[in-house]
Amino acid sequence: MDWIYKVKTPCYVIDKARLIKNLEILRGVERATDCNILLAQKAFSMYELYPLIGEYISGTAASGLYEARLGREEMGGEVHVFSPAYKDGDFAKLTRICSHIVFNSLSQWERFKDKMPGDISAGIRINPEYSEIQTELYNPCCKGSRFGITSKLWEGADLTGITGVHFHTMCEQNSDTLEKTLNIVLDKFGSRLNEFKWVNFGGGHHITREDYNIPLLERCIKRITDLGLRVYLEPGEAIALNAGFLVTEVLDTLYNDMSIAIVDASAACHMPDVLEMPYTPSIIGTNEKGGYRFRIGSNTCLAGDIIGDYSFDSPLKAGERLVFTDMAIYTMVKNNTFNGVPLPSIAVLHENNEIEMIKEFGYNDFKQRL
Ligand SMILES: *Cc1c(COP(=O)(O)O)cnc(C)c1O
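Just so it is clear, the model here is predicted, and its values are computed rather than measured. (Residues numbered from 1 in each chain as written. Predicted model: local features only at pLDDT ≥ 70, side-chain atom pairs only at ≥ 80, totals over all residues. Heavy atoms only, no water.)

## Side note on helix α1 (residues 16–33)
Along an α-helix, residues three or four apart share an orientation, since each turn contains 3.6 residues. The terminal C-alpha atoms of α1, which comprises 18 residues, lie 26 Å apart, in line with the 26 Å expected from a rise of 1.5 Å per residue. For α1, the set of buried residues is K16, L19, I20, N22, L23, L26, V29, E30 and T33. Buried-residue contacts for α1 involve β1 (11–15), β2 (36–40), α2 (50–54), α8 (214–225), α9 (237–240) and β15 (345–349). Looking at where α1 begins, the residue whose side-chain oxygen comes 3.1 Å from the main-chain nitrogen of A17 is D15. Positive phi shows up at D34, right after α1, with a value of about 60°. (Helix = DSSP H or I, 4+ residues; strand = E, 2+ residues; numbered from the N terminus. Expected span 1.5 Å × (residues − 1). Buried < 20%, exposed > 50% of the residue type's maximum accessible area, 1.4 Å probe, protein only. Contact = heavy atoms within 4.5 Å. Polar contact = N/O pair within 3.5 Å; in protein donor to acceptor, adjacent residues only side chain to side chain.)

## Concerning the pattern of salt bridges
Tallied over the full model, the rule gives 17 salt bridges. A salt bridge links K8 to E360; its shortest N-O distance comes to 3.9 Å. Remark: E360 occurs in the loop between β16 (355–359) and α12 (363–367) and K8 occurs in the segment before β1; sequence separation between them is 352 residues. No difference in accessibility class separates K8 from E360, as the two residues are exposed. For R111, the salt bridge goes to D88, with nearest N and O atoms at 3.2 Å. Highlighted residues: R111 in helix α5 (residues 106–112) and D88 in helix α4 (residues 88–94), separated in sequence by 23 residues. (Salt bridge = Lys/Arg side-chain N within 4 Å of Asp/Glu carboxyl O.)

## What about the site of the ligand?
For the ligand, the set of nearby residues contains 13 residues, the closest of which are K42, G204, E234, G236 and Y330. Contact between the ligand and K42: an oxygen atom at 2.7 Å from a side-chain N or O atom of the residue. Within the backbone of G236, one N or O atom sits 2.8 Å away from an oxygen atom of the ligand. Protein contacts shield 87% of the accessible area of the ligand, which totals 380 Å² for the unbound molecule. For the shell around the ligand, the residue count by class is 4 nonpolar, 5 polar and 4 charged. (Near = heavy atom within 4 Å. Areas by Shrake-Rupley, 256 points an atom, 1.4 Å probe, with all protein chains shown as cover. Nonpolar A, V, L, I, M, F, W, Y, C, P; charged D, E, K, R; others polar.)

Written as structure tokens, this is what we have:
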């Protein structure tokens, strides 16, 4: 991994070979089941790689106008959008960009249905009120959730003109969770599914994780295709899972009750899920049994901007590089410049081990947004 020392830190490095490995798995599912898989751009919007991703899967899923436009411009194929609520001005633009528009409520559908061109497929998000997500921040079926219509509303609703059904209730889960969810969806919403053409299973399917049960996923898809409906999946994480690194440099080490190292990347600015979830990301070369334990924190002024505690075989030294793994997803899309911290640059690691710098950011990127 000599490329670690070839980039200026901090830098996201997307490993093309690992990305392709994920894409091959996803294409395998598409081919085996005749479903369509979309990139949920909110997890990974590095459009430099969209042409490559578009060779393997069917298109993109967007959370609003800007992502929809990015998907249309940079990947093409199908462009699906779901937003909790659309604005009038955005909606007109979305109808020129999207192939599928998913509505969150019956009132949104009523508001916009006469503005839907005939060649765009309308979907409605349902809330099965079943989710195995433990973290409330990420649970779309939490009490008082604003996402989707529940079975109570669905029973007597006039759904004329809607051709698809969308649910999204999972997060980093295996297909056993999908199976249980699907049982509930079919139980609560199944009697009217014959009115529709497609079902979108949302995201949260960790399809490219080593222990993921793909045959069970394929059986779940088949239960819907056997009813004559098309199935869409819109994973975000699974597309670029474990396909990216964040290369950082140790700026200083100090001691206060424990050994501390300060790096030029920040949890708050560059990996916010570390604080939100919370979780501790992996660093290459750590050893749980190593004799040198360090708390790694960032060069911001936020006391809690700590990435985690790690053990090493030798003490960390200023100038050394630390490489965080699984840093492609939900990182660069969430970056901010709190404290005036620079945005990490973005690079691709090609299959021949060459590093290609895609983007570097500077002072103006900080200043222009303020
Ligand atoms: C977040 C989200 C996704 C992608 O979820 P992942 O956990 O990244 O797979 C897909 N669809 C919707 C509606 C989402 O909100």
